[in-house]
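# An overview of the molecular structure
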Amino acid sequence: MSVVLTDLQEELRRTVRGAIEARHGAARVIELAEAGAEGDDADVWKAFSDIGVPQIGTPDSGTGLLDLGLMVQEAGRGLLPGTLLGHALGQRLLLAADGAAGPLAEADAAGHRLAASWRLDPAAVTVESDGVLHGRAGAVAEGRQADVLVLPVTGPAVACVDTGPLGFSPEQAGAIDTGRDWTAVDLDGVPARVYGLEPESWRRVLLEAAVLLCFDSLGSAERCLDDAVRYAKERRQFGQAIGGFQAVKHLLVDAHVAVDNARSATWHAAAALDSGAAGAAFSAHVAKAVTDQAHVRTAAVGIQVHGGTGFTREVPAHLHARRSRYNERLAGTPAEHLDAMADDLPMVLGQWAGVPADRT
């Protein structure tokens, strides 16, 4: 499946990128990454709301996972805190749940921001018959800035909780990614709106979550590569730009190939899930494994090309590296997705060859 973006998709990408760069430039990225810094991307979110970004991905908008992912990709490129990424996951959870389309429409109409738990473990939070929750939700990005927390609970089911009365606490596991406010929240005795979730819908949400993270990582990797190439053209050593040295060229070419592969895998997986194509799950596993590896590799190249400054607050190269290491731990590690690919491979090969599933 070849994915070619439409003119409208390209224009929306440029608009979103401009909104992020105008309000969340490199200096702001570095400032928010400082220890103890508190920040909010409210200005960026307002700009997103003005152009309808929060509604992208919903059936009423005529868009799907690919369109939503392209917005997440731009957010990843700008190292934007996780509000858009969390909102995207919350949206997919609500779209998958039975009877949750109404609350999603209400949130969109009110301009509310969603947050979600990237722990993706329904067993972590239980729900009583009266809708009261018990447990602890972790890996919530920018929960303090969101209006509604959406998370999987036992059943499986999807629960919606107003964030106003919740007490979010910093989560040490997320400290490596200092560009995001990773938090956890205790939910014992908290009332929620709960919606059923069919097992097949839950499996699809897991795949969509992995692909959304691919888009975030892809945007970050693209920015790493662009920054490294620009610096290699500007930085001079021994009377010439360092980009003229073969060792640097090889690093950048290898990173370029890795990012291209990640882009192809990620866009293909999103389009396959949108269309319900055979092997869509396999494509999602491929995308997560390939993109995580490309992100880690390209972030390391970005630091290496920048030399000593790559580890300092002068440039955001190390922030991309931090995000790459945390993203690969969410929604399944590369090793877990490679294992899943191996399990699905006979079926996928049979589909490609036109062999019935019971004979693969």
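Residues numbered from 1 in each chain as written. Predicted model: local features only at pLDDT ≥ 70, side-chain atom pairs only at ≥ 80, totals over all residues. Heavy atoms only, no water.

Our focus in this paragraph is the state of the cysteines. Scanning the model with the defined rule gives zero disulfides in all. Residue Cys-214 stays outside any disulfide, its sulfur separated by 16 Å from that of Cys-224, the closest cysteine. (Disulfide = S-S within 2.5 Å.)

For the rest of this paragraph, the subject is the pattern of salt bridges. Two side chains bearing opposite charge may form a pair once their charged atoms approach each other closely. Per the stated rule, a full pass over the model turns up 23 salt bridges. Residues Arg-136 and Asp-186 are paired through a salt bridge, measuring 2.9 Å at the closest nitrogen-oxygen approach. Here Arg-136, found in strand 3 (residues 132-141), pairs with Asp-186, found in strand 7 (residues 182-186); they are 50 residues apart in sequence, far enough to count as distant. Judged by relative accessible area, which is 42%, Arg-136 ranks as partly exposed. The residue Arg-180 makes a salt bridge to Asp-216 at a minimum N-O spacing of 2.9 Å. (Salt bridge = Lys/Arg side-chain N within 4 Å of Asp/Glu carboxyl O. Helix = DSSP H or I, 4+ residues; strand = E, 2+ residues; numbered from the N terminus. Buried < 20%, exposed > 50% of the residue type's maximum accessible area, 1.4 Å probe, protein only.)

Here Ala-299 shows up in helix 9 (residues 280-306). Here the alpha-carbon distance between Ala-299 and Ala-221, two residues 78 residues apart in the chain, equals 6.4 Å. Other than its neighbours up to four places away in sequence, Ala-299 contacts Cys-224, His-320, Ala-321 and Ser-324. (Contact = heavy atoms within 4.5 Å.)

Our next topic: the environment of Asp-130. Within the element layout of this structure, Asp-130 appears in the loop between strand 2 (125-127) and strand 3. Separated by 61 residues in the primary sequence, Asp-130 and Pro-191 have C-alpha atoms spaced 8.2 Å apart. Here Val-132 takes part through its backbone nitrogen, which lies 3.3 Å from a polar atom of the side chain of Asp-130. (Polar contact = N/O pair within 3.5 Å; in protein donor to acceptor, adjacent residues only side chain to side chain.)

Under the definition given, this model contains one cavity of 30 Å³ or more. Each pocket or cavity is described by its volume, and for the largest cavity that value is around 60 Å³. Lining the largest cavity are His-24, Val-29, Leu-32, Ala-33, Leu-79, Asp-177, Gly-179, Leu-319 and Arg-323. Among the secondary structure elements, those contributing two or more residues to the lining of the largest cavity are helix 2 (26-32) and helix 10 (317-327). (1 Å grid on protein atoms, 1.4 Å probe; cavity = no way out; pocket = protein on both sides within 12 Å on 5 of 7 lines; lining within 4 Å. Points joined across faces, edges and corners; volume = space filled by probe spheres on them.)

Before going further, it helps to spend a moment on the nonpolar core. Counting residues in each nonpolar core, the largest one holds 78 residues, and the members touching the most others are Phe-48, Trp-118 and Val-305. Broken down by element, the residue count for this core peaks at 16 residues, all from helix 7 (residues 199-234). (Core = buried A, V, L, I, M, F, W, Y, C linked by side-chain atoms within 4.5 Å.)

Now for the pairing of strand 4 (residues 148-153). With six of six residues buried, strand 4 lies mostly within the body of the structure. With burial as the criterion, each face of strand 4 is covered, one bearing Val-148, Val-150 and Pro-152 and the other bearing Leu-149, Leu-151 and Val-153. One ladder, built from three bridges, connects strand 1 (residues 114-116) with strand 4; its direction is parallel. Paired with Ala-115 across the bridge in strand 4 is Leu-149. (Pairing = 2+ DSSP bridges.)

A word on the sheet that holds strand 1. An order of 1-4-5-9 is seen for the four strands of this open sheet, with the pairing classed as mixed. Here the strands that pair on one side only, and so sit at the sheet edges, are strand 1 and strand 9 (193-196). Taking the axes of each pair of neighbouring strands and ignoring which way they run, one obtains an average angle of 25 degrees across the sheet. Sheet analysis places strand 5 (residues 157-162) next to strand 9, joined by four bridges and oriented antiparallel. Following the sheet pairing, Val-158 is matched in strand 9 by Tyr-195. Across the face of the sheet, helix 5 (residues 83-96) comes into contact with strand 1, strand 4 and strand 5 while running at roughly 85 degrees to strand 1. (Axes fitted to C-alpha atoms, helices over the stretch in contact; angles between N-to-C directions.)

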